[in-house]
Amino acid sequence: MIAGLVNLVFQLLFWGILAWVILSWIQTPPGHPLRQVQNFLDRLILPLIRPIQRLVPPLRLGAGALDLSPLILIFLIRILHGPAVRLASTLF
């Protein structure tokens with residue numbers, strides 16, 4: 001039961017980060033329903049992304065930059081996912 005909930009949280013977090021990245025490429029006007037989704041994901045994802053952004057600056061690519069922090073966060077989530085589910089299944 002608890003292991004399933006932990007699994008669900010990790011899956012939702014993965015898909016939330018992916019949606020956050022995709023929505024960051026889309027310009028939405030204020031008041032648009034998609035803007036509310038973006039704001040919700042910002043409140044959820046940014047507290048996890050910001051510490052990584054402080055440690056790993058964006059890669060400079062000519063005039064632009066590539067932020068690798070979402071990729072690093074997804075990688076960390078994938079690493080922690082299995083052990084967290086196993087721990088939850090053994091404890092509860």
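Quick summary incoming for the structure in this document.

Conventions and cut-offs
Residues numbered from 1 in each chain as written. Predicted model: local features only at pLDDT ≥ 70, side-chain atom pairs only at ≥ 80, totals over all residues. Heavy atoms only, no water. Axes fitted to C-alpha atoms, helices over the stretch in contact; angles between N-to-C directions. Helix = DSSP H or I, 4+ residues; strand = E, 2+ residues; numbered from the N terminus. Parallel < 35°, antiparallel > 145°, perpendicular 65-115°, else oblique. Contact = heavy atoms within 4.5 Å. Nonpolar A, V, L, I, M, F, W, Y, C, P; charged D, E, K, R; others polar. Core = buried A, V, L, I, M, F, W, Y, C linked by side-chain atoms within 4.5 Å. Buried < 20%, exposed > 50% of the residue type's maximum accessible area, 1.4 Å probe, protein only. Expected span 1.5 Å × (residues − 1). Patch = residues over 30% accessible without salt bridge, like charges linked within 9 Å, V, L, I, M, F, W, Y side chains within 5 Å. Areas by Shrake-Rupley, 256 points an atom, 1.4 Å probe, with all protein chains shown as cover. Salt bridge = Lys/Arg side-chain N within 4 Å of Asp/Glu carboxyl O.

1. Points about the packing of helix H1 (residues 2–24) against helix H3 (residues 69–91)
Phase 1: It is the contact of H1 with H3, at a shortest axis distance of 8 Å, that shows an interaxial angle of 175°. The orientation of H1 relative to H3 falls into the category roughly antiparallel. Contact residues: H1 offers Ile2, Ala3, Val6, Asn7, Phe10, Gln11, Leu13, Phe14, Ile17, Trp20 and Val21, while H3 offers Pro70, Leu73, Ile74, Ile77, Arg78, Leu80, His81, Ala84, Val85, Ala88 and Ser89.
Phase 2: Here the contact of H1 with H3 is built from residues that sort into 17 nonpolar, four polar and one charged.

2. Observations regarding the nonpolar core
Phase 1: Within the largest apolar cluster, 18 residues are counted, with the highest numbers of intra-cluster contacts made by Leu13, Ile17, Trp20, Ile45, Ile49, Leu73 and Ile77.
Phase 2: Elements with a contribution of two residues or more to this core: H1, helix H2 (33–55) and H3.
Phase 3: Counting residues per element, this core draws most heavily on H1, at nine residues.
Phase 4: Apart from residues no more than four positions distant in its own chain, Leu13 is found in contact with Ile45, Leu48 and Ile77.

3. Some details on H1
Phase 1: Its 23 residues place the ends of H1 33 Å apart at the C-alpha level, agreeing with the 33 Å of an ideal helix rising 1.5 Å per residue.
Phase 2: Along H1, the residues that are buried comprise Ala3, Val6, Phe10, Leu13, Phe14, Gly16, Ile17, Trp20, Val21 and Leu23.

4. Re a nonpolar patch on the surface
Phase 1: A contiguous nonpolar surface patch, about 1000 Å² in accessible area, is contributed by Met1, Ile2, Leu5, Leu8, Val9, Leu12, Leu87, Leu91 and Phe92.
Phase 2: Of all the secondary structure elements, the ones that give two or more residues to the nonpolar patch are H1 and H3.
Phase 3: Mapped onto the elements of the fold, Leu12 is located in helix H1.
Phase 4: A relative accessible area of 54% means that Leu12 is categorised as exposed.

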